[in-house]
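Each chain, written out:
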Amino acid sequence: MAGSVAHDLNNILSGIVTLPELLLMQMGDEHEYRDTIQLIQEAGKEAASVVSDLITVARGATAEKEVCNLNTVVESLITKIKKKQMDRRLEGVAINVCCEPGLPNSYCSVVHINKVLMNLIGNAAEEMEGKGTIVVRTKNVFVEEPRLGYEIIEAGEYIVVSITDSGSGIKEEDIKKIFEPFYSKKAMGRSGTGLGLAIVWNTVHDHDGFIDLTSDESGTTFDLYFPTTKAGVRSESSQLSISNFKGNGESILVIDDQEKQQEIARKILTALGYKAYTVGSGEEAIAYIKQYPVDLLILDMIMNKGINGRKTYEEILKINPKQKAIIASGFAENNEVKQTIILGASQFVRKPYALTQIGQAVRQALL
């Protein structure tokens, strides 16, 4: 049920997240409504983030990952927290960072790792009621053989990110349940959704990692184990910009059962220099392709009427075995998505998507 609700909400949020981006492209920096539209967009992104949390808990959705250095991730987040006071619960709390130099890299989703750290830091600060110290550490650890912590930690080389607070600890009867969705000792309505630690658990395991936890009357430590990689971090010298994704009049067929989604996608693709066409079902898409070949399909996976995205692509491949496609859906990545990618779709993009995100996916698919 949660996954289905999240799918519908993501479709609704697409207009709030994406259309402001198109408006901002057309506005000068001094436009009187620019700040207001940016606030609308940020509110939409925050709402989409909550929906993403719901999908993560409901479906264990897989996050898109890249090579990064966790020292950089930790130091950047703590710097932002101290500069912007991102969470009122942190007022009066001292946050110290101790990063081991020369750490190996990891494959991770920076957005999701930041969310994990913010959840743990925010929970610790709230428990201490604004008085105390939180220490965030990183270190390189080699586990020679499986050992039992909060769970069984498999042998291997890890980067361990530790969050330690000076609070009064977690009661023993609560420790076994704290990662369950909606399990909370907070007063109703005080803060959060009750999903925070469930998101921590799902995110760490989605990164093929493990969690250890120690707690007593002098404080609590969460140790998050992330596998290392020898791969290098991609250079930041080439910042992504809209100009990188401009099309040259290539034709794209958007297949989506929601008229608003069709219109949003059409506006984005047109702004990027593509010829965009839309249909509302898989059957309509098949009929269209028989008469009008296109360079790329953008497939919705779940459609209320007729066949789904995977079946649609299967049938279109019978007409054009080389047909290129990407998947855009408000639902979590599932077996249908994986099967569609095996058929030849280049990648999965979750709604609501940013202009640069869909632009990059389209550009890569057309290469």
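Preceding this section is the structure that the text describes.
Cut-offs and rules
Residues numbered from 1 in each chain as written. Predicted model: local features only at pLDDT ≥ 70, side-chain atom pairs only at ≥ 80, totals over all residues. Heavy atoms only, no water. Helix = DSSP H or I, 4+ residues; strand = E, 2+ residues; numbered from the N terminus. Pairing = 2+ DSSP bridges. Axes fitted to C-alpha atoms, helices over the stretch in contact; angles between N-to-C directions. Contact = heavy atoms within 4.5 Å. Phe/Tyr/Trp six-rings, centres within 6.5 Å; stacked < 30°, edge-to-face > 60°. Buried < 20%, exposed > 50% of the residue type's maximum accessible area, 1.4 Å probe, protein only. Disulfide = S-S within 2.5 Å. Arc of directions from axis to C-beta. Polar contact = N/O pair within 3.5 Å; in protein donor to acceptor, adjacent residues only side chain to side chain. Right-handed = clockwise from strand over helix to strand, strands pointing away. Patch = residues over 30% accessible without salt bridge, like charges linked within 9 Å, V, L, I, M, F, W, Y side chains within 5 Å. Areas by Shrake-Rupley, 256 points an atom, 1.4 Å probe, with all protein chains shown as cover. Salt bridge = Lys/Arg side-chain N within 4 Å of Asp/Glu carboxyl O. 1 Å grid on protein atoms, 1.4 Å probe; cavity = no way out; pocket = protein on both sides within 12 Å on 5 of 7 lines; lining within 4 Å. Points joined across faces, edges and corners; volume = space filled by probe spheres on them. Nonpolar A, V, L, I, M, F, W, Y, C, P; charged D, E, K, R; others polar.

Draft legend 1. Region of the structure containing unusual backbone geometry. Phi is positive for D208, close to 60 degrees, though the residue is something other than glycine. With respect to the helices and strands, D208 occurs in the loop between α6 (196–206) and β8 (210–216).

Draft legend 2. Here's a closer look at the sheet that holds strand β7 (residues 156–165). Strand order in the open sheet formed by five strands is β2-β4-β7-β9-β8, and the pairing between neighbours is mixed. Every interior strand has two partners, whereas the edge strands, β2 (93–99) and β8, have only one. Within this sheet the neighbouring strands show an average axis-to-axis angle of 15 degrees, counted without direction. The strands that helix α4 (residues 110–128) touches are β2, β4 (132–143), β7 and β9 (219–227); relative to β4, the one it contacts most, it runs at about 140 degrees. Strands β8 and β9 of the sheet are contacted by α6, whose axis makes an angle of about 140 degrees with β8.

Draft legend 3. Structural context of the packing of aromatic side chains. According to the stated counting rule, one finds eight aromatic pairs in the structure shown. A ring pair is formed by Y158 and Y225, whose centres lie 5.6 Å apart and whose planes are at 85 degrees; its orientation type is edge-to-face. Note that Y158 is positioned in strand β7 and Y225 in strand β9, a separation of 67 residues in sequence. Judged by relative accessible area, which is 4%, Y158 ranks as buried.

Draft legend 4. The state of the cysteines, seen in detail. Scanning all chains against the criterion turns up one disulfide. Note that C68 is cross-linked by a disulfide to C108, the S-S spacing being 2.3 Å. Handedness of the C68-C108 disulfide follows from its S-S torsion of about 100 degrees: it is right-handed. Here C68, found in strand β1 (residues 66–68), pairs with C108, found in strand β3 (residues 106–108); they are 40 residues apart in sequence, far enough to count as distant. Accessibility assignment for this pair places C68 and C108 in one class, buried. Free cysteine C98: the closest other cysteine sulfur is in C99, separated by 7.2 Å.

Draft legend 5. Structural context of helix α9 (residues 309–319). All buried positions along α9 are accounted for by G309, R310, T312, Y313, I316 and L317. All buried residues of α9 lie within an arc of 155 degrees about the axis, which places them on one face of the element. Close packing links the buried residues of α9 with β10 (251–255), α8 (282–291), β12 (296–299), β13 (324–329) and α10 (335–343). Put simply, N308 is the residue that caps the front of α9, since its side-chain oxygen is 3.2 Å from the backbone nitrogen of R310.

Draft legend 6. Structural detail: the sheet that holds β12. If you walk across this open sheet you meet the five strands as β11-β10-β12-β13-β14, and the pairing is parallel. Two strands close off the open sheet at either side, each with one partner strand: β11 (275–279) and β14 (348–350). Sheet twist, expressed as the average angle between the axes of neighbouring strands with direction ignored, equals 25 degrees. Helix-sheet contacts for α8 involve β10, β11 and β12, and the interaxial angle to β10 is about 155 degrees. Most of the contacts of helix α11 (residues 355–366) go to β13, to which it runs at about 160 degrees, and overall it touches β10, β12, β13 and β14.

Draft legend 7. Local environment of the pairing of β10. When you tally the buried positions in β10, you get five out of five residues, the bulk of the element. Because side chains alternate across β10, one face comprises the buried residues S251, L253 and I255, and the other comprises I252 and V254, equally buried. Crossover connection from β10 via helix α7 (residues 259–271) to parallel β11: handedness right-handed. Both β10 and β12 contribute to a ladder of four bridges, which runs parallel. Considered in β12, the bridge of V254 is made with I298.

Draft legend 8. A nonpolar patch on the surface, seen in detail. On the surface, V5, L9 and I12 cluster together into a nonpolar patch covering about 250 Å² of accessible area. As for its placement among the helices and strands, L9 is situated in helix α1 (residues 2–26).

Draft legend 9. Region of interest: the layout of surface pockets. Its volume calculated, the second largest pocket comes out at about 260 Å³. Forming the walls of the second largest pocket are 14 residues, and the residues nearest its centre are N11, I12, Q258, K260 and Q261. Mapped onto the lining of the second largest pocket, the elements with two or more residues apiece are α1 and α7. With six residues, α1 is the single largest residue contributor to the lining of the second largest pocket. For the lining of the second largest pocket, the class distribution of residues is four nonpolar, six polar and four charged.

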